[in-house]
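Examining the three-dimensional arrangement
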Amino acid sequence: MSKMRREIQLTSYIPQIVGHLEGLADAVDRKTAFDVLAEYQSRARRDTGAQVNSAYVATSNDSTYAQAIAAAREANPDLQHFLSEIQPSDGYTYVAVAVEYAAVNEFGGHGRIGDGALTNAVESQRAAFEAARARLLEMAAKESL
Amino acid sequence: MSLSSTTILSWIYSRLSNNVALAGLIGGVSPRIYVDVAPEGTLFPYILITPLVPSMPAYLVGGRAAAYDGIYLVRGVHQTMSYADPLLTIAQQIKSTLHGQYDFDNKINGCVLEQEFAFAELINSTNYRHLGGRFRVTTQEIV
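We now turn to the structure provided with this report. Note that the structure is predicted; figures quoted are calculated from it, not measured.

So, the pattern of salt bridges
Considering all chains together, one arrives at 11 salt bridges over all chains under this definition. A salt bridge links Arg134(B) to Glu114(B); its shortest N-O distance comes to 3.2 Å. You can see Arg134(B) sitting in strand E6 (residues 126-140) and its partner Glu114(B) sitting in strand E5 (residues 108-123), a full 20 residues away along the chain. Several salt bridges share partner residues, and in doing so they unite Glu123(A), Arg126(A), Glu130(A), Asp69(B), Glu114(B), Arg134(B) and Arg136(B) into one network.

The following block contains the structure:
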């Protein structure tokens, strides 16, 4: 009687599933960030336009900082100083404004009323962002079954 | 300003102005608490309330808002280069007066500190410091 050897190869698809979901999560973060940016630019105070133009999106892979600074300089050639570029860690996406005085316009100060433009921009996208994240979690749950 | 934001502002003002520990630091019976901006010539320190997001629908039932959220920045402002007292005590009192509080009789479902806030300003060679927090306040539907 001959001996028969059987082998069963188990293949884990978990890395592919995780990779797929991470890609989708990054896409959701990125879309939300650009939507926040657009909202901010439509809501914030506009004098020369340098402040709204200096707003940018930065991830660990790429950033629109250079284009934002160029646009801000074009809006106000007298503006010399810009805040340095944010360098996000993996998994983080930032919407930032590269002029210092944006903070006092956002929060208000002694003798200056804040407009909360960035806070409002974030809040305007919160529901869509949370809904998209919830859908991703559902997908993750289904794919892991 | 909407009805819900007016309700939130009244509640915040009332909570702060009734805090005895704060009163001694910001003017006693006529506490220096202002919305948006303090009047010119105001003595320091004072409390500034900024409605960053005055009011937005938080819970929708059948397409109708059942509750509203507001985001309010509440901070002590002082002409100083330091975040130490009296600013620190003011910030601590703001937090203990608002964070984790609710008041159903006045339609306030809850108030939580979302983020502490510290901010420095230099205007015409004069230093100012702000210390407090960003609070999310939820109201019931106001009709």
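Now that the structure is up, let's keep going.
Quick look at helix H1 (residues 14-43) of chain A
Residue and element names in this part refer to chain A. Given a rise of 1.5 Å per residue, 30 residues ought to cover 44 Å, and the 43 Å separating the end C-alpha atoms of H1 matches this to within 8%. When we look at burial in H1, the residues that qualify are Leu 21, Ala 25, Val 28, Asp 29, Thr 32, Ala 33, Val 36, Leu 37 and Tyr 40. Tucked inside the fold, the buried residues of H1 contact helix H2 (50-53), strand E1 (55-58), strand E2 (94-97), helix H4 (102-107) and helix H5 (117-143).

What to know about the pairing of strand E2 (residues 46-61) of chain B
Where a strand is regular, its side chains alternate between the two sheet faces. Residue and element names in this part refer to chain B. Bridging between strand E1 (residues 33-35) and E2 involves three bridges; their strand directions are parallel. Of the residues in E2, the one forming a bridge with Tyr 34 is Leu 48. Bridge count between E2 and strand E3 (residues 64-78): 12 bridges; the pairing is antiparallel. If you follow Met 56 over to E3, its bridge partner there is Asp 69.

Section: the pairing of E3(B)
Counted residue by residue, E3(B) has 12 buried out of 15 residues, so it is predominantly covered. Count of turn residues in the E2(B)/E3(B) antiparallel hairpin: two residues, of which Gly62(B) carries a positive phi of about 55°.

Focus: the sheet that holds E3(B)
Residues and elements named next belong to chain B. Overall, mixed pairing links the six strands, which are arranged E1-E2-E3-E6-E5-E4 in an open sheet. Each edge of the open sheet is held by one strand with a lone partner, namely E1 and strand E4 (101-103). Across the sheet, the mean angle separating the axes of adjacent strands is 30° when strand polarity is ignored. Sheet analysis places E3 next to E6, joined by 12 bridges and oriented antiparallel. Within E6, the residue paired with Ala 67 across the bridge is Gln 140.

Describing the packing of aromatic side chains
Residues and elements named next belong to chain B. The full count for this structure, using the stated rule, is eight aromatic pairs over all chains. With centroids separated by 5.7 Å and ring planes inclined at 45°, the aromatic side chains of Phe 44 and Tyr 128 adopt a geometry described as tilted. Taken together, the residues span a long stretch of sequence, with Phe 44 in the loop between E1 and E2 and Tyr 128 in strand E6 at a distance of 84 residues. Judged by relative accessible area, which is 8%, Tyr 128 ranks as buried. Among the aromatic residues, those joined into a cluster by ring pairs are Tyr 34, Phe 44, Tyr 46 and Tyr 128. For the cation-ring pair, Arg 129 lies above Tyr 83, with the distance from its terminal atom to the ring centre recorded as 5.7 Å.

Conventions and cut-offs
- Residues numbered from 1 in each chain as written.
- Chains lettered and ligands numbered in written order.
- Predicted model: local features only at pLDDT ≥ 70, side-chain atom pairs only at ≥ 80, totals over all residues.
- Heavy atoms only, no water.
- Salt bridge = Lys/Arg side-chain N within 4 Å of Asp/Glu carboxyl O.
- Helix = DSSP H or I, 4+ residues; strand = E, 2+ residues; numbered from the N terminus.
- Expected span 1.5 Å × (residues − 1).
- Buried < 20%, exposed > 50% of the residue type's maximum accessible area, 1.4 Å probe, protein only.
- Contact = heavy atoms within 4.5 Å.
- Pairing = 2+ DSSP bridges.
- Axes fitted to C-alpha atoms, helices over the stretch in contact; angles between N-to-C directions.
- Phe/Tyr/Trp six-rings, centres within 6.5 Å; stacked < 30°, edge-to-face > 60°.
- Lys NZ or Arg CZ within 6 Å of the ring centre and 35° of its normal.

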